[in-house]
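# Summary of the model geometry
So the chains spell out like this:
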Amino acid sequence: MAETKGYDLTGKGGIQAWSSLPEGTKLTLLNGAVGEIIANPHDGGWVLIKFQEHPHDPSKVGQEEYVFFNEVQTAAG
Amino acid sequence: MVTILRARGDRSIRSFIDYERGTISRELYVHPDIFEQEMEQIFQRCWLFLGHESQIPNPGDFIVSRMGTEEVIVVRDRKDKQIRAFLNSCRHRGMKVCRYDQGNNLVFTCPFHAWTYDTAGKLVGVGYGNHPEAYGDTRPGDQWGLAQVAQFKNFHGSLWATWDPKAPSFEDYLGPFTASLRHCLQSSDGEDGGLEMFTPFQRHRLPTNWKVPGFTSVTDGTHAAMTHRSAAAAGLHEDRGQGKAKPGTPFPREMYAIGDHNLGHGGQCTFYNQPGVPDYTDEWFEPGVDDYFRETAGRKAQLYANRVLAPHGWGGGHFAIFPCVMVDSWRIRWYHPHETGMVERWTLCGVDKNAPKHVKNAVRHYVQRYNGPTGFFESDDMENWNYVYPASRGVRARKLDYFFANGLGHGKYDDRLPGVVVNGAYTEEAQRARFSRWLAFMEAKSWDDLYPVNTSKNHRIW
Ligand code: FES
Ligand SMILES: [Fe+2]
């Protein structure tokens, strides 16, 4: 299994980390959904992800959506 | 709608123009009520110039331009590559969404509450949009995208927009000036849309009413002799290569002051009386530049072997698209009002997009010498424009009228540009035409009263 790097999104270092998360980073949202970053506008608030799992709405799998930083639980790349 | 100006009693706007004497009250330049009405009646309705497509060649590229007092984001979408224009004001609570002059974006994120819009203006994210204790079923949908202009036009690379869905097509708005504008956007070999623009916009902020430079002084034939005499004294009057230009074979052409009183466009334009183009004359300091332009002029001559050039500015002349876009064959200069006594003047200068680097450099140096903060000529103009306003707006000064009677009564219609009044090159025909159209806009309830302009109504007042 490929090594994954967990990003610490807490504190002021977390803000820096969030703003520069690279494409391919896997995000787990607070609602349990999982997706991969496909673009980061580096605005400090948003990233664009593609859903890989969605516990409440399976139709979202494969869809792209902008995700705000406070919806996210963990990030690993 | 007719506004009453309390400052000078209950009078209609029309009564501030004396068609017989050829004068205009200074109130029209200094009264804030007039300014507010101009923003509503003119700048909300007219086609306005935004910039050039060469400024945003790649998906996600944007520039922030202006329409009247307001900023617009002009952006090339990442998905369909189309260019669109949006008001730079967040739909949530009105924050300026984009605070850069130009760049490349994935999304435009509002720094206030993080509503975020994609490059097609769609609202694609709302801060707390998915939070269990926030929006829920009140989360804003597609109708909360950025406010888009009502109509947009890419005319041979130049970008234009209007807020008014009832405005006529851009070509109908230009009328007989369509061919002239098209010609000015061609590269030196006559290829349509063959220009690219030097970036960024050159900008100057001037403490004067927008109509001082934008109406009164655009294509102002009699100002140059005195105003630019200092530049001539400094030896800067020879444009590109001092004393180098040799006269070519004379080409039959005449320069006139012209004005379309029903569309508002006009200026100092040259009419060409036979097919073909004038001989190229060497004029550049820089080595190799004349070789390039001589070659492209030859190709243009072939293209125009059986065609007559559209009338356009030449030999110091320019024409203007109403309300205040001044067009030459090498630059576009236009005005953005800020308030009654403040205007910004923007300039874009073009060069053949396929020209070699040494030619682009030479042209860039030339436009820098001439225009902009490092240029010499326009500082001459600005000194006049800036002093006009304070010298005109005092309680005594504003009771006087401006003189616009130069050539009044001597204009004639000319078959070569139907509907356009032609007059002596150094008359004020173009200024009078602008005010005929200005008055029509200020009185009209909607575009229904303004168009079609040449058939059912004649707005010419003098
Ligand atoms: S004003 Fe833009 S998000 Fe609130
Ligand atoms: Fe606060």
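Rules used throughout
- Residues numbered from 1 in each chain as written.
- Chains lettered and ligands numbered in written order.
- Predicted model: local features only at pLDDT ≥ 70, side-chain atom pairs only at ≥ 80, totals over all residues.
- Heavy atoms only, no water.
- Helix = DSSP H or I, 4+ residues; strand = E, 2+ residues; numbered from the N terminus.
- Rg over C-alpha atoms; globule rule 2.2 N^0.38 Å.
- Buried < 20%, exposed > 50% of the residue type's maximum accessible area, 1.4 Å probe, protein only.
- Contact = heavy atoms within 4.5 Å.
- Areas by Shrake-Rupley, 256 points an atom, 1.4 Å probe, with all protein chains shown as cover.
- Lys, Arg positive; Asp, Glu negative; His and termini not counted.
- Charge placed at Lys NZ, Arg CZ, Asp CG, Glu CD.
- Expected span 1.5 Å × (residues − 1).
- Phe/Tyr/Trp six-rings, centres within 6.5 Å; stacked < 30°, edge-to-face > 60°.
- Lys NZ or Arg CZ within 6 Å of the ring centre and 35° of its normal.
- Polar contact = N/O pair within 3.5 Å; in protein donor to acceptor, adjacent residues only side chain to side chain.
- Nonpolar A, V, L, I, M, F, W, Y, C, P; charged D, E, K, R; others polar.
- Axes fitted to C-alpha atoms, helices over the stretch in contact; angles between N-to-C directions.
- Parallel < 35°, antiparallel > 145°, perpendicular 65-115°, else oblique.
- Pairing = 2+ DSSP bridges.
- Core = buried A, V, L, I, M, F, W, Y, C linked by side-chain atoms within 4.5 Å.
- Domains from an automatic or database assignment.
- Buried area = accessible area lost by both parts, 1.4 Å probe.
- Salt bridge = Lys/Arg side-chain N within 4 Å of Asp/Glu carboxyl O.

Moving on, we get to the overall build of chain B. Summing up its helical and strand segments, chain B has eleven helices and 23 strands in all. Scaling as 2.2 N^0.38, a compact globule of 462 residues should have a C-alpha radius of gyration of about 23 Å, and chain B matches this with 23 Å. If one aligns the C-alpha atoms of chain B with their principal axes, the spans along those axes are about 80 × 60 × 45 Å. Among the 462 residues that make up chain B, the fraction classed as buried is 56%. Intrachain contacts of chain B at a sequence separation of at least 6 include 65% that bridge at least 24 residues. Only carbon and sulfur atoms are counted for the fraction: they give 50% of the accessible area of chain B, which is about 19,600 Å². With 54 positive and 54 negative side-chain charges, chain B shows a separation of 2 Å between the mean positions of the two kinds.

All names here are of chain B. Relative to the 16 Å expected for twelve residues at 1.5 Å per residue, helix α2 (residues 32-43) spans 15 Å between its end C-alpha atoms, a close match to the ideal helical length. For α2, every residue scored as buried is listed here: Ile34, Phe35, Gln37, Glu38, Met39, Gln41, Ile42 and Phe43. Contacts made by the buried residues of α2 are with α1 (27-30), β3 (48-52), α5 (211-216), β19 (331-339) and α11 (429-443).

On to the packing of aromatic side chains. All names here are of chain B. According to the stated counting rule, one finds 31 aromatic pairs over all chains in the structure shown. A ring pair is formed by phenylalanine 49 and tryptophan 334, whose centres lie 4.6 Å apart and whose planes are at 75°; its orientation type is edge-to-face. One end of the pair, phenylalanine 49, is in strand β3; the other, tryptophan 334, is in strand β19, and 285 residues separate them in sequence. Residue phenylalanine 49 shares its accessibility class with tryptophan 334, and that shared class is buried. Each member of the aromatic cluster is reached from another via a ring pair, and the members are Tyr29, Phe43, Tyr173, Trp210, Phe215, Phe322, Tyr402, Phe404, Phe435, Trp438, Phe441 and Trp447. The ring of tryptophan 346 has arginine 203 lying over it, and the distance from NZ or CZ to the ring centre is 4.3 Å. Here lysine 211 stacks its cationic end above the ring of tyrosine 29, 4.9 Å away from the centre of that ring.

What follows deals with the side chain of glutamate 65 of chain A. Mapped onto the elements of the fold, glutamate 65 of chain A is located in strand β5 (residues 64-68). A distance of 3.0 Å separates the side chain of glutamate 65 of chain A from the side chain of lysine 60 of chain A, its partner in a polar contact. Aside from chain neighbours lying at most four places away, what touches glutamate 65 of chain A is Val47, Leu48, Ile49, Phe51 and Lys60 of chain A together with Asn130 of chain B.

Another aspect to go through is unusual backbone geometry. All names here are of chain B. The peptide bond linking threonine 199 to proline 200 adopts the cis configuration, its omega dihedral lying at -5°. Tracing the sequence through the fold places proline 200 in the loop between β13 (195-197) and β14 (202-206). Cis geometry marks the peptide bond from phenylalanine 322 to proline 323; its omega dihedral reads 5°. Here the phi dihedral of tyrosine 128 falls at roughly 70°; this positive angle occurs in a residue that is not glycine. On the secondary structure map, tyrosine 128 appears in the loop between β10 (123-125) and β11 (151-155). On the accessibility criterion, tyrosine 128 (44% relative accessible area) is partly exposed. At histidine 156, a position not held by glycine, the phi torsion is positive, near 50°. By the secondary structure assignment, histidine 156 is in the loop between β11 and β12 (158-162). Overall, histidine 156 belongs to the partly exposed group, its relative accessible area being 27%.

It is worth spelling out the interface of chain A and chain B at this point. Contacts between the two partners involve ten residues from chain A and, on the opposite side, eleven residues from chain B. On inspection of chain A and its partner chain B, the count reaches three residue pairs in polar contact (both at pLDDT 80 or more). A total of three residues in the side of chain A that touches chain B trace back to one element, the largest contributor, which is β5 of chain A. In terms of residue class, the side of chain A that touches chain B is made up of five nonpolar, two polar and three charged.

Here we take up the environment of phenylalanine 201 of chain B. All names here are of chain B. Tracing the chain through its elements places phenylalanine 201 in the loop between β13 and β14. A relative accessible area of 7% places phenylalanine 201 in the buried class. In sequence terms phenylalanine 201 and proline 278 are 77 residues apart; their C-alpha atoms lie 31 Å from each other. Look past the residues within four positions of phenylalanine 201 in its chain and what remains in contact with it is Leu50, Gly51, Gln55, Ile63, Val64, Ser65, Trp334, Trp346, Thr347 and Leu348.

Describing two packed helices takes the angle between their axes plus the distance from one axis to the other. Residues and elements named next belong to chain B. One can describe the packing of helix α8 (residues 289-303) onto helix α9 (residues 357-370) by two numbers: an axis separation of 9 Å at closest approach and a directional angle of 100°. Here α8 lies roughly perpendicular to α9, going by the angle between them. Across from Val289, Tyr292 and Phe293 in α8, the residues of α9 making contact are His358, Val359, Ala362 and Val363. Residues that form the contact of α8 with α9 fall into these classes: six nonpolar, one polar and no charged.

Take the sheet that holds β12 of chain B next. All names here are of chain B. Ordered in space as β3-β12-β11, the three strands form an open sheet in which the pairing is antiparallel. Two strands bound the open sheet, and with one partner strand each, they are β3 and β11. Pairs of neighbouring strands in the sheet enclose a mean axial angle of 25°, with direction left out of account. Where β3 lies against β12, four bridges are found, and the strand directions are antiparallel. Paired with glycine 51 across the strands is leucine 159, a residue of β12.

To continue, consider the nonpolar core. Residues and elements named next belong to chain B. Among the nonpolar cores identified, the biggest contains 83 residues, and Tyr29, Val74, Trp160, Phe435 and Trp438 are the most heavily contacted of them. Residue contributions to this core peak at six residues, all from α11. When residues of this core are assigned to domains, at least three fall in each of domain 1 (48-151) and domain 2 (168-421). Leave out the neighbours within four places in its chain, and tryptophan 438 touches Ile13, Ile17, Leu28, Ile34, Glu38, Ile42, Lys211, Phe215 and Phe322. Formed by 17 residues, the second largest nonpolar core is a distinct cluster that contains Phe198, Phe293, Ala362 and Tyr370.

Let us look at the domain arrangement of chain B. Residues and elements named next belong to chain B. Domain boundaries assigned for chain B yield domain 1 (48-151) and domain 2 (168-421). On a C-alpha basis, the centroid separation for the pair domain 1 and domain 2 is 33 Å. In this assembly, 16 residues from domain 1 lie in contact with 17 residues from domain 2. Summing the contributions of domain 1 and of domain 2, the shared interface buries around 1,400 Å²; its carbon and sulfur component is 63%. Run the count over domain 1 and domain 2 and you get one salt bridge. Of the charged contacts, one joins aspartate 101 and arginine 203 as a salt bridge, the two residues approaching to 3.9 Å between their closest N and O atoms. At the surface where domain 1 touches domain 2, the tally comes to two residue pairs in polar contact (both at pLDDT 80 or more). Counting only elements with at least two residues in the side of domain 1 that touches domain 2, the list comes to β3 and β4 (61-67).

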